[in-house]
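Each chain, written out:
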Amino acid sequence: MADQARHPEEIHRSEAAYFDAQAATLERAGWRLDPAVVARYLRPARFWFNKEYRFRRLGEVRGLRILDVGCGLGDNAILLASHGARVTAVDLSPRSVELARRRAARAGLAEPPEFVCAPLERADLPEAAFDVIWGDGVLHHVLHDLDGVLRCLARAARRDARFLFSEPVDRVPGLRRLRLLLPVPPDGTPDERPLREAELRRIRRWVPDLRVRPFSFAGRLNRFLLPGGAYESAGALRRAAADGLCLADWIALGVPGLARLGGMAVLEGHLRDAARAASPRVLADAGPAQADAGV
Ligand SMILES: C[S@@+](CC[C@H](N)C(=O)[O-])C[C@H]1O[C@@H](n2cnc3c(N)ncnc32)[C@H](O)[C@@H]1O
C-alpha cells in the first residue's frame, strides 16, 4: 500500500486519523509515563536495547536544543526535557499532541517541551536552530516525500547538527514477504512500511557519515514476552529473557554478514546543510528519489 501514489494531504489525513484513534485509546486507559522509565534513560546501562543505546549515544543533553520529529504522545520529548534538553516536538495528530502536552504538564518539568501540531513539511520551525534532530519511528511514515522531509530537517538543524533516528528496516529482499505470510497481521497505517536500501541511500545524501546500527531480529519476540512492551513492570523471568534475546541480537547483528537481518536500525550521523544536499551532483549519486520498485 505504501508504494501506491496518494496525495500528501490524503496521507496526512489518514495518518492523523489513525494516531488520533490510538491516542484516544491510550488516554482512556489512563496511560502515563512510568517514573521508572524516566530513571532508566537517565542512566542507560543496557546498550543492547535500541532506545538505551540511543540515549547512551546522545550523552549529556542538558542545554541542547532538540527537535523531536513525529513525537506522538511525547514520551521521548518528556524524557529529553526531564534530562535538561530544550525540546521542540512536532506531530500531525492533534489528539496525540494534546495528550503529550497534558502529560508534559503533569511531569512538572522545569522547561517543558514546546509542542507543534502540524505535518512536519508545513511546520513553522526556526531555521538553523537545533543541535540534535531526533526521531523515533517516523521516517517510514513519510516515504511519499522523504527528501522533502529531510530538507525541512536540514533547514531547522544547526550546522553539523546530530541526526539520531530509530526506524524499522527491510534490508533482505523476501524476508518481509515471508513475514506477511504469517497469520499475525502487521499493525500500522496504510502508508507506512519499513525503510529499504534505496531509502537508506537517500538519507545518506543528507547525512553523509550515516551509521546504521541494526537491532531486533530475535528481539521481535519481545512483543510476546513483555505485555504492552513494558520492560519495567514485567516479571524478573520475562525481563531476563528479553535481555537474553536483545543481547544475542547485539552480538549476532554486529557480524557484518548478518547485520541486514535486523528489523530495526538506529540511524546516526550529522546533517549536511540543505543547499549542498540538493546539489545536482549529490542528487545523482543517491539514485532515484523513489524506492526501488518491487524490492
Ligand atoms: C510510530 S509513531 C511514533 C511516535 C513516537 N515517536 C514514539 O516513539 O512513540 C509515528 C508518529 O509520526 C507522526 N507522523 C506521521 N507523519 C507525520 C508527518 N508528516 N509530520 C509529522 N508527524 C507525522 C504520527 O502522527 C505518529 O505520531
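Our subject is the structure that appears above.
Conventions used here
- Residues numbered from 1 in each chain as written.
- Predicted model: local features only at pLDDT ≥ 70, side-chain atom pairs only at ≥ 80, totals over all residues.
- Heavy atoms only, no water.
- Helix = DSSP H or I, 4+ residues; strand = E, 2+ residues; numbered from the N terminus.
- Contact = heavy atoms within 4.5 Å.
- Near = heavy atom within 4 Å.
- Polar contact = N/O pair within 3.5 Å; in protein donor to acceptor, adjacent residues only side chain to side chain.
- Nonpolar A, V, L, I, M, F, W, Y, C, P; charged D, E, K, R; others polar.
- Pairing = 2+ DSSP bridges.
- Axes fitted to C-alpha atoms, helices over the stretch in contact; angles between N-to-C directions.
- Buried < 20%, exposed > 50% of the residue type's maximum accessible area, 1.4 Å probe, protein only.
- Right-handed = clockwise from strand over helix to strand, strands pointing away.
- Left-handed = near helix turned anticlockwise from the far one by under 90°.
- Salt bridge = Lys/Arg side-chain N within 4 Å of Asp/Glu carboxyl O.
- Parallel < 35°, antiparallel > 145°, perpendicular 65-115°, else oblique.

Draft legend 1. Quick peek at the overall build of the chain. Broken down by element type, the chain carries 12 helices and seven strands. Considering only intrachain contacts with a sequence separation of at least 6, the fraction spanning at least 24 residues in the chain is 79%.

Draft legend 2. Expanded view of the site of the ligand. Around the ligand sit 19 residues in total, of which Gly70, Asp91, Leu120, Glu121 and Asp136 are the nearest. At 2.7 Å, a backbone N or O of Gly70 approaches a nitrogen atom of the ligand. Here an oxygen atom of the ligand sits 2.6 Å away from a polar atom, N or O, in the side chain of Asp91. Per-class residue counts for the shell around the ligand are eight nonpolar, seven polar and four charged.

Draft legend 3. Fine view of the sheet that holds strand β6 (residues 211-215). Reading across from one edge, β3-β2-β1-β4-β5-β7-β6 is the order of the seven strands in this open sheet, with mixed pairing throughout. For this open sheet the edge positions go to β3 (114-117) and β6, each flanked by a neighbour on one side alone. The average angle at which neighbouring strand axes cross in this sheet is 15 degrees, direction not considered. By the bridge criterion, five bridges tie strand β1 (residues 65-69) to strand β2 (residues 86-91) in an arrangement that is parallel. By the bridge assignment, Asp68 is partnered in β2 with Ala89. Lying on the sheet, helix α4 (residues 75-82) is in contact with β1, β2, β3 and β4 (130-136); it crosses β2 at an angle near 175 degrees.

Draft legend 4. The pairing of β2, seen in detail. With respect to burial, β2 is a largely interior element, five of its six residues being buried. In the classification by handedness, the crossover that spans β1, the intervening α4 and the parallel β2 is right-handed. Pairing analysis gives four bridges linking β2 to β3, with the strands arranged parallel. Each residue of the ladder has a partner; that of Asp91, found in β3, is Cys117.

Draft legend 5. Fine view of the packing of helix α3 (residues 50-58) against α4. At a minimum axis separation of 13 Å, α3 and α4 run at an interaxial angle of 35 degrees. The chirality of how α3 crosses α4 is right-handed. Contact residues: Lys51, Phe55 and Leu58 in α3; Asn76, Leu79 and Leu80 in α4. Here the contact of α3 with α4 is built from residues that sort into four nonpolar, one polar and one charged.

Draft legend 6. Quick peek at the pattern of salt bridges. One pass over the full model with this rule turns up 21 salt bridges. Between Arg57 and Glu268 there is a salt bridge, with its nearest N and O atoms 2.9 Å apart. Of this pair, Arg57 sits in helix α3 while Glu268 sits in strand β7 (residues 264-270), placing them 211 residues apart in sequence. We classify Glu268 as buried; its relative accessible area is 8%.

Draft legend 7. Main features of the pairing of β7. Most of β7 sits inside the fold, with five of its seven residues counted as buried. With five bridges joining them, β6 and β7 adopt antiparallel strand pairing. Bridging from a neighbouring strand, Phe215 pairs with Met264 of β7.

Draft legend 8. Representation of the packing of helix α6 (residues 146-156) against helix α8 (residues 197-206) within the structure. Closest axis-to-axis distance for the α6/α8 pair is 10 Å, and the angle between their directions is 25 degrees. When the interaxial angle is binned, α6 and α8 end up roughly parallel. Note on packing geometry: the crossing formed by α6 with α8 is right-handed. Contacts between α6 and α8 involve Leu146, Asp147, Leu150, Arg151 and Ala154 from the first element and Glu199, Arg202, Ile203, Arg205 and Trp206 from the second. Across the contact of α6 with α8, the residue classes break down as five nonpolar, no polar and five charged.

Draft legend 9. Structural view of α3. Among the nine residues that make up α3, seven are buried, leaving the element largely enclosed by the rest of the structure. Looking only at α3, the buried set comprises Asn50, Lys51, Glu52, Tyr53, Arg54, Phe55 and Leu58.

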